[in-house]
Amino acid sequence: MNPDTQEQSPRVVVIGAGHGGGSVVAFLRQYGFKGAITLIGDEPFLPYHRPPLSKAWLKGEVEEAALFFKPESFYAEQDIDLRLGQQVETLLVARRELVLVDGARVPYDKLVIATGATARPLGLPGADADNVMTLRNIADADKLKRALGPGKKVVIVGGGYVGLECAATARFLGADVLVLERAERLLERVASAPIAAFLQHYHAERGVAFELGATVTGLEGGERAEQVVLADGRRFPCDVVVVGIGAIPATALAAAAGIACDDGILVNEQAETSEAGIYAIGDATRRDHPRYHRIRLESVPNAMEQAKLVACAIVGRAPPAAEVVWFWSDQYDLKLQIAGLAVAGEQLVVRGDPATGKFAVFHLQDGRVKTVEAINAPQEFFAGKRMIGTDGSADAGRLADVSVSLSQIVA
Ligand code: FAD
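Residues numbered from 1 in each chain as written. Predicted model: local features only at pLDDT ≥ 70, side-chain atom pairs only at ≥ 80, totals over all residues. Heavy atoms only, no water.

What to know about helix H10 (residues 378-389)
In plain terms, the rule: Secondary structure is summarised from DSSP: a helix means a run of H or I of at least four residues, a strand means a run of E of at least two, and numbering begins at the N terminus for each. A helix is expected to span 1.5 Å multiplied by its residue count minus one. Classification of residues uses two cut-offs on accessible area relative to the type maximum, computed with a 1.4 Å probe and protein chains only: under 20% is buried, over 50% is exposed, and between them is partly exposed.
Under the 1.5 Å per step criterion, the end-to-end length of H10 is 16 Å for 12 residues, consistent within 8% with the ideal 16 Å. The complete set of buried residues in H10 reads Glu-380, Phe-381, Ala-383, Gly-384, Met-387 and Ile-388. Positioned one or two residues after H10, Asp-391 has a phi angle of 55°, which is positive.

Right, dumping it as structure tokens:
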């Protein structure tokens, strides 16, 4: 790199080489940023896609190399100083410097914190046994993959997306699967009751057993857990236990540096933290969002959107228009796509027949579409997403009537 050019551009350092970190460095170069970029990640891998870890990769359908966003050569060609297997220990805001675990110091002008989240541990007696696992990264997925197989008794604690995706994959691999969920239904915080009921039925038809309202109090066994114990005294035998009870935003580094955090690193609509010139993106953040009051989102589209916002802010480019929040999950041959946030109290309109395995649930508030959840129904998803983006109104009766085409409703 030409030293004259470097002098004019700030040095950007990114902590965390995951989805957000890997994306922000690519967007910076795409938008013409000429200054120095350093990307520091504590995992030994190139930035990679996490979604396949519970799906195609866990099933053995894709190779590890297919997980990486870009080949190693990309980072060299783009003059991105990639430091993998290195953990940032301290952030010295007043000195604009990072200290790595090995003592190395890295100065910055602009900093992006993209530290992601960690899987919430079960924290119960016996939960430290070797066959009790969480799933967040390649190392976790590798261990889980080795433990799965035909006839294995897999107990999944938590009926959220990661738990259900693992359930589908474990069944695909021939395991006996039991899902234990503390709430009275699946996906209680993140999906509507009709979607949750449909998914439970779909899993059950494929041999997954469920216990709802089931509070796990511990695990029995020795180095290996042999039984999962519930509050009501019931015990379920296990070869493998997968704990999928949510994620904790990785805020420790930022909080210790005095950056405002509250269930996530707090960031404004441009993804800037309480410290000027320090940005934070992805699962680690709780963000101001034009449509919602401070929200914490754990999704690829969220990390990508914030990565774009930061790259724009750093190069002085106008930020893109706010995106409608969206998410997807793959289970068996089902693709669930959700736009907006499923909030209790909205009017639910089902379009299509769940029995066909292809339908959508629209959420209306005062006649306006706020959320759409679509199962194998991409047209409904995109139409709903568009209506949310334009604050469009829709008549519940027409939405529910599949003989009225979506184009007539959206117009
Ligand atoms: P991450 O991708 O987690 O990256 C953070 C990185 O920072 C990690 O590599 C971490 O080790 C590193 N790091 C942390 N602290 C330090 C430090 N001090 N020094 C150096 N490095 C550090 N989203 C969807 O939209 N759809 C899906 O279907 C979907 N499926 C998923 C399935 C699984 C199994 C998992 C785990 C997640 C899934 N997600 C899905 C969520 C999605 O992967 C995350 O929202 C996304 O990865 C967030 O990106 P991020 O950059 O914030 O964090």
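Now that the structure has been shown, the text picks up again.
Comments concerning the sheet that holds strand S14 (residues 225-230)
We apply this condition: Pairing between two strands is assigned when DSSP locates at least 2 bridges connecting them. A fitted line through C-alpha atoms serves as each axis, taken over the contacting stretch for helices, and the angle formed by two N-to-C directions is quoted from 0 to 180°.
Ordered by their spatial adjacency, three strands build an open sheet running S13-S14-S15, and the pairing between neighbours is antiparallel. The sheet is open, and its two borders are formed by strand S13 (216-221) and strand S15 (235-237), each paired with just one other strand. Taken over all neighbouring pairs, the strand axes of this sheet differ in orientation by 25° on average, direction set aside.

Digging into the side chain of Arg-286
Filter applied, for reference: Between N or O atoms, a polar contact is any pair within 3.5 Å; within protein, one atom must be a potential hydrogen donor and the other a potential acceptor, and residues adjacent in sequence are included only when both atoms are from side chains.
Tracing the backbone through its elements, the reader meets Arg-286 in strand S20 (residues 285-287). Judged by its relative accessible area of 15%, Arg-286 is buried. Of note is the side chain of Arg-286, whose polar atom sits 2.8 Å from the backbone oxygen of Asp-262.

Thoughts on the pairing of strand S11 (residues 176-181)
The condition that has to hold: Here, the term right-handed applies to a crossover whose path from the first strand over the helix to the second runs clockwise when the strands point away from the viewer.
Along S11, five of the six residues are buried, which leaves the element largely enclosed by surrounding structure. As paired elements, strand S10 (residues 153-157) and S11 share five bridges and run parallel to each other. Paired with Lys-153 across the two strands is Asp-176, which belongs to S11. Tracing the backbone out of S10, into helix H6 (residues 161-172) and back to the parallel element S11 gives a crossover that is right-handed. In this structure, S11 lies alongside strand S12 (residues 209-212), joined through four bridges in parallel fashion. Bridging across to S12, Glu-181 finds its partner in Leu-212. This β-α-β element, S11 to helix H7 (residues 193-205) to S12, shows right-handed connectivity.

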